Amino acid sequence: MSDAKEPSGSAEPNGGVTGADAPGRHVRVVLVDDHRMFRTGVQAEIGQTERTGVEVVGEAADVDQAITVITATRPEVVLLDVHLPGGGGVEVLRRCAPLMADAEQPVRFLALSVSDAAEDVIGVIRGGARGYVTKTITGTDLVNSVFRVQEGDAVFSPRLAGFVLDAFASTDAPPVDEDLDRLTQREREVLRLIARGYAYKEIAKQLFISVKTVESHVSAVLRKLQLSNRHELTRWATARRLV
Amino acid sequence: MPGWAGRVNIDGMPDAAAVPLADPRLPRKLYRSSDGRWLGGVARGLAGHLGLPVIWVRLVFVGLFMADGLGALLYAAFWFFVPLGVGGVDAQRPPALTTETAADGRRRLVARKPDKGQIAALLLMVVVAMVFVGKVNLGGGAKAYLWPTVLVGAGVALVWRQADNARRARWVEVGRRRRTLTLLRSAAGVLLVTAGVSGIFVLQGSAAHLGSVLQAALAVLVGIALLAGPYLVRMTQDLSEERLMRIRAQERAEVAAHVHDSVLHTLTLIQRNAESANEVRRLARAQERDLRAWLYKPEGTGKDEADEPDTLAEAVRRNAAEVEDKHGVPIEVVIVGDCPLDEGLTAQMQAAREAMVNAAKYGGDGGAVQVYAEVEGRTVFVSVRDRGPGFDLDAIPGDRMGVRESIIGRMERNGGTARLRAVPDGGTEVELEMERAEKTS
């Protein structure tokens, strides 16, 4: 990892940044999207919020390229489009599974897509992405999200939170499996606030908990979404004719 | 054919009504009817063409049949030469409006239960054939050939009708699930013909040679199959491939048409209104919403835009879209669960709409307005939040009734609750809660 040159972290960036603004932090990012215009746009957006130290070290336009670039550069975070030639974001996730599992320097994925169709969202999250944001996100929020993902937290957009709530909502189901399959009351509350458009910091204030706690709740939700709940998710997806 | 009756635009008598409607210059062409027919659709087609009741034509055919089988020959000739017609599928002939309600009703009935009519027709034909056989007084030798001939005729009819059905199925693209049945029918037809032909051979006194004749026939068939088989397989493959391509091309044309209509149109408007940021934003948002709805079509949005929404999710989406269009402020909608609208919920929707309008008007500068609706058990919760300068209900003069009446008052009158509060980091959130009405069922 190249050293960050500018010791600029002291400048407090705008509101929503959580624990991300440790001075001199530097995140290496690969951008995977088949639209060059969009990649340029993201670059420019990130460039405008330079001080937070996100560095785009590679770009890719399809699945094969993405694998090559990611393996070569070993970024900390990959911004991944869902719709890609050659199998889509899910395919990239599948083929990068060993990199994600790497204990020393895991590659983490943040889905960044124009699509907010439920099957796309749920698909990449279950494929192992640590978060999902739509392309309408502002540059600042995007940078914050990258930091959060790099730290191992999950990033949920309101819409994604809505889908997750929807997936877990049907409580009339037979009492399946362990408690793991259920969201706790607190997690549900947190998700609900995310769905209502609250930032993590606002949620923390609202619920009188720390931002870290909010993040751990969200991570827990992500874990449940990925690891368990296959049962309910399948049922949910079937009910919606998504599978 | 199941699934067939549903397509009501198929007209049994395309030429009868459609031609004057479509193009008066076209000569009235005779088609066999593909709908409500008993055998080949000849009688029904003729009846439609001549404007006579079907039963008359059928009786005439039966009568002619009695005259030394002339009717059968005639029928076969018609069947062979007259094309099968389906109104409304052929591009040149738009769906005809049949005025004959009686015939229409009858046709539908027959179409829905095709087997009944066919069985009746077959029985009738057997009876007629028997009468005919009993009546005909040919030379003793010739009479013996009659039954094999009838058998051959029945087999040929079976196969031909099958071919007609296959053709019709192609027009309307009926699924392939009936393939086994098709094969069975064809096999039965072939069997009948074979039996008839063999019968003739046997009668000719060459019974002793029957075995060798059959063997020779089999050898010829196998030879033909070997020679033509690969070619046939290849042809069917090509055909299905071509069909696939056609379907794809159609789909692409549809996409192109949609993109052309809406997207290009919007882009033109945007270019023209480039200096007015609000208008551009509004257009872009409306277009985005439209395109999304079209691309990702969630369940239940296939409905016509015009009619009233009858579920909560639909109502929320509609309200948000309308407010967004009107005020040019993006509104992000997240909906969890869904339920049918009742009286209280309708009031809640109106209150929510009012809240969205307020948020768009006074809080729209801070970014998108966020709307969240959730159905959990009996409770329906709607939250509308903006990131504007905030709002203090107590600071609003008492004569300004907008919020008090149309949001809070409306909710309370209908047994719900409304809360307005300032969000810690600026902005206002309106929370609306309402119990769903008890199910009456």
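Residues numbered from 1 in each chain as written. Chains lettered and ligands numbered in written order. Predicted model: local features only at pLDDT ≥ 70, side-chain atom pairs only at ≥ 80, totals over all residues. Heavy atoms only, no water.

1. Remarks on the overall build of chain A
Now for step 1: Within chain A, the regular secondary structure consists of 11 helices and 6 strands.
Now for step 2: In chain A, 68% of the contacts between residues at least 6 apart in sequence involve partners at least 24 apart.
Now for step 3: Of the roughly 10,600 Å² of accessible surface on chain A, a fraction of 54% belongs to carbon and sulfur atoms. (Helix = DSSP H or I, 4+ residues; strand = E, 2+ residues; numbered from the N terminus. Contact = heavy atoms within 4.5 Å. Areas by Shrake-Rupley, 256 points an atom, 1.4 Å probe, with all protein chains shown as cover.)

2. A word on the overall build of chain B
Now for step 1: When helices and strands are tallied, chain B shows 14 helices and 7 strands.
Now for step 2: Taking all 441 residues of chain B together, the buried fraction comes to 34%.
Now for step 3: Contacts spanning at least 24 positions in sequence make up 67% of the contacts within chain B whose residues lie at least 6 apart.
Now for step 4: With an accessible surface of roughly 25,700 Å², chain B has 62% of that area assigned to carbon and sulfur atoms. (Buried < 20%, exposed > 50% of the residue type's maximum accessible area, 1.4 Å probe, protein only.)

3. Section: the pattern of salt bridges
Now for step 1: Within this structure, the stated rule accounts for 24 salt bridges over all chains.
Now for step 2: Note that Arg196 of chain A is salt-bridged to Glu429 of chain B, the shortest N-O span being 2.8 Å. Taken together, the residues span two chains, with Arg196 of chain A in the loop between helix H8 (185-195) and helix H9 (200-207) and Glu429 of chain B in strand S7 (residues 428-435). With respect to class, Arg196 of chain A is no different from Glu429 of chain B; both count as buried.
Now for step 3: A salt bridge links Arg419 of chain B to Glu433 of chain B; the nearest nitrogen and oxygen atoms lie 4.0 Å apart. A residue pair is termed long-range when its members are at least 10 positions apart, and Arg419 of chain B in strand S6 (residues 417-422) and Glu433 of chain B in strand S7 qualify at 14 residues.
Now for step 4: For Arg419 of chain B, a relative accessible area of 38% corresponds to the partly exposed category.
Now for step 5: Several salt bridges converge on common partners, so that one network encompasses Arg196 of chain A together with Arg419, Arg421, Glu429, Glu431 and Glu433 of chain B. (Salt bridge = Lys/Arg side-chain N within 4 Å of Asp/Glu carboxyl O.)

4. Details of the interface of chain B and chain A
Interfaces are often sized by the accessible area lost when the parts come together.
Now for step 1: The partner chain A presents 24 residues to the 22 residues of chain B that form the contact.
Now for step 2: Summed over both partners, the interface of chain B with chain A comes to about 1,900 Å²; 43% of that surface belongs to carbon and sulfur atoms.
Now for step 3: Measuring nitrogen to oxygen at the nearest pair gives 2.8 Å for the salt bridge that ties Glu374 of chain B to Arg192 of chain A.
Now for step 4: At the surface where chain B touches chain A, the tally comes to 10 residue pairs in polar contact (both at pLDDT 80 or more).
Now for step 5: Sorting the residues of the side of chain B that touches chain A by element identifies helix H11 (277-296), strand S3 (331-336), strand S4 (369-376), strand S5 (379-385) and S7 of chain B as the ones contributing at least two each. (Buried area = accessible area lost by both parts, 1.4 Å probe. Polar contact = N/O pair within 3.5 Å; in protein donor to acceptor, adjacent residues only side chain to side chain.)

5. Section: the nonpolar core
Now for step 1: One finds Ile70, Val92, Phe109, Phe156, Leu191, Ile194 and Ile203 of chain A to be the most contacted residues of the largest nonpolar core, which totals 56 residues.
Now for step 2: The dominant element in this core, judged by the number of residues it contributes, is helix H7 (residues 158-169) of chain A, at 7 residues.
Now for step 3: Other than its neighbours up to four places away in sequence, Leu191 of chain A contacts Phe156, Ala161, Val164, Leu165, Leu183 and Val221 of chain A.
Now for step 4: Listed in part, the 35 residues of the second largest apolar core include Met356, Val357, Val382 and Val384 of chain B. (Core = buried A, V, L, I, M, F, W, Y, C linked by side-chain atoms within 4.5 Å.)

6. Some details on the pairing of strand S3 (residues 77-80) of chain A
Residue and element names in this part refer to chain A.
Now for step 1: Side chains Val77 and Leu79 project from S3 onto one buried face, and the interleaved Val78 and Leu80 project onto a second face that is buried too.
Now for step 2: Inspection of the sheet shows S3 paired to strand S4 (residues 108-113) by 4 bridges, in the parallel sense. Its bridge partner being in S4, Leu80 is matched across the sheet by Ala111. (Pairing = 2+ DSSP bridges.)

7. With respect to the UniProt feature "transmembrane region" (unreviewed entry) in chain B
Now for step 1: Following the UniProt record, the feature "transmembrane region" (unreviewed entry) maps to residues 55-82, 117-138, 144-161, 182-207 and 213-233 of chain B here.
Now for step 2: Helix makes up 100% of residues 213-233 of chain B and strand 0%. Its end C-alpha atoms lie 29 Å apart. (UniProt positions renumbered as here; feature names shortened; annotations may be inferred.)

8. Topic: the side chain of Arg28 of chain A
Residues and elements named next belong to chain A.
Now for step 1: Along the chain, the position of Arg28 falls in strand S1 (residues 27-32).
Now for step 2: Buried charge Arg28 goes without a salt bridge, the closest partner of opposite sign being Glu55 at 4.9 Å.
Now for step 3: Within polar-contact distance, the side chain of Arg28 engages the backbone oxygen of Arg74 at 3.0 Å. (Lys, Arg positive; Asp, Glu negative; His and termini not counted.)

9. Topic: the packing of helix H3 (residues 54-66) of chain B against helix H4 (residues 70-81) of chain B
Residues and elements named next belong to chain B.
Now for step 1: Relative to each other, H3 and H4 sit at 125 degrees, their axes nearing to 5 Å. The orientation of H3 relative to H4 falls into the category oblique. Two secondary-structure elements touch here, H3 through Phe61, Leu64 and Phe65 and H4 through Leu70, Gly71, Ala72, Leu74, Tyr75 and Phe78.
Now for step 2: Looking at the contact of H3 with H4 residue by residue, the class counts come to 8 nonpolar, 1 polar and no charged. (Axes fitted to C-alpha atoms, helices over the stretch in contact; angles between N-to-C directions. Parallel < 35°, antiparallel > 145°, perpendicular 65-115°, else oblique. Nonpolar A, V, L, I, M, F, W, Y, C, P; charged D, E, K, R; others polar.)

10. So, the pairing of S5 of chain B
All names here are of chain B.
Now for step 1: Here S5 lies mainly inside the structure; 6 of its 7 residues are buried.
Now for step 2: The turn joining S4 and S5, which pair antiparallel and follow one another in sequence, is formed by 2 residues; a positive phi near 60 degrees is taken by Gly377.
Now for step 3: One ladder, built from 7 bridges, connects S5 with S7; its direction is antiparallel. If you follow Phe381 over to S7, its bridge partner there is Glu433.

11. Considering helix H12 (residues 312-327) of chain B
Given 3.6 residues per helical turn, the α-helix brings residues three or four places apart onto the same face.
Residues and elements named next belong to chain B.
Now for step 1: Between its first and last C-alpha atoms H12 spans 22 Å; for 16 residues at 1.5 Å apiece the expected length is 22 Å, and the two agree.
Now for step 2: Taken residue by residue, H12 has Leu312, Ala313, Glu314, Ala315, Val316, Arg318, Asn319, Ala320, Ala321, Val323 and Glu324 as its buried positions.
Now for step 3: Two residues or fewer after H12 comes Gly328, characterised by a positive phi angle close to 70 degrees. (Expected span 1.5 Å × (residues − 1).)

12. Here we look at the confidence of the model for chain B
Residues and elements named next belong to chain B.
Now for step 1: Averaged over all residues, the pLDDT of chain B equals 72, while 71% of them reach at least 70.
Now for step 2: Taking the mean pLDDT of every element in chain B, the minimum, 37, falls on helix H5 (residues 101-112) and the maximum, 89, on S5.
Now for step 3: Scored below 50 in pLDDT, residues 1-26 makes 62 contacts in the model with residues more than four places away or belonging to other chains.
Now for step 4: As scored by the predictor, the complex reaches a pTM of 0.57 and an ipTM of 0.72. (pLDDT = per-residue confidence, 0-100.)

13. A look at the environment of Asp338 of chain B
Residue and element names in this part refer to chain B.
Now for step 1: Along the chain, the position of Asp338 falls in the loop between S3 and helix H13 (343-362).
Now for step 2: Considering only alpha carbons, one finds Asp338 and Ala373, 35 residues apart in sequence, at a separation of 8.9 Å.
Now for step 3: Aside from chain neighbours lying at most four places away, what touches Asp338 is Thr311, Leu312, Ala313 and Val375.
Now for step 4: Among the polar contacts listed, one links the side chain of Asp338 to the backbone nitrogen of Leu312, at a separation of 3.3 Å.

14. Some thoughts on the sheet that holds S3 of chain B
Now for step 1: What the 5 strands build is an open sheet, ordered S3-S4-S5-S7-S6 (chain B); its pairing is mixed. With partners counted over all chains shown, the strands left at the sheet margins are S3 and S6 of chain B, one partner each. Taken over all neighbouring pairs, the strand axes of this sheet differ in orientation by 10 degrees on average, direction set aside.
Now for step 2: Set on the sheet, H8 of chain A makes contact with S3 and S4 of chain B; between it and S4 of chain B the angle comes to about 140 degrees.

15. Some words on unusual backbone geometry
Residue and element names in this part refer to chain A.
Now for step 1: Notably, Arg74 is not glycine yet its phi reads approximately 45 degrees, a positive angle.
Now for step 2: Residue position: Arg74 is located in the loop between helix H2 (63-73) and S3.
Now for step 3: Classification of Arg74 by relative accessible area gives partly exposed; the value is 23%.
Now for step 4: Positive phi, close to 55 degrees, is recorded for Phe208, a residue that is not glycine.
Now for step 5: Note that Phe208 resides in the loop between H9 and helix H10 (211-227).
Now for step 6: Assessed through its relative accessible area of 76%, Phe208 is described here as exposed.

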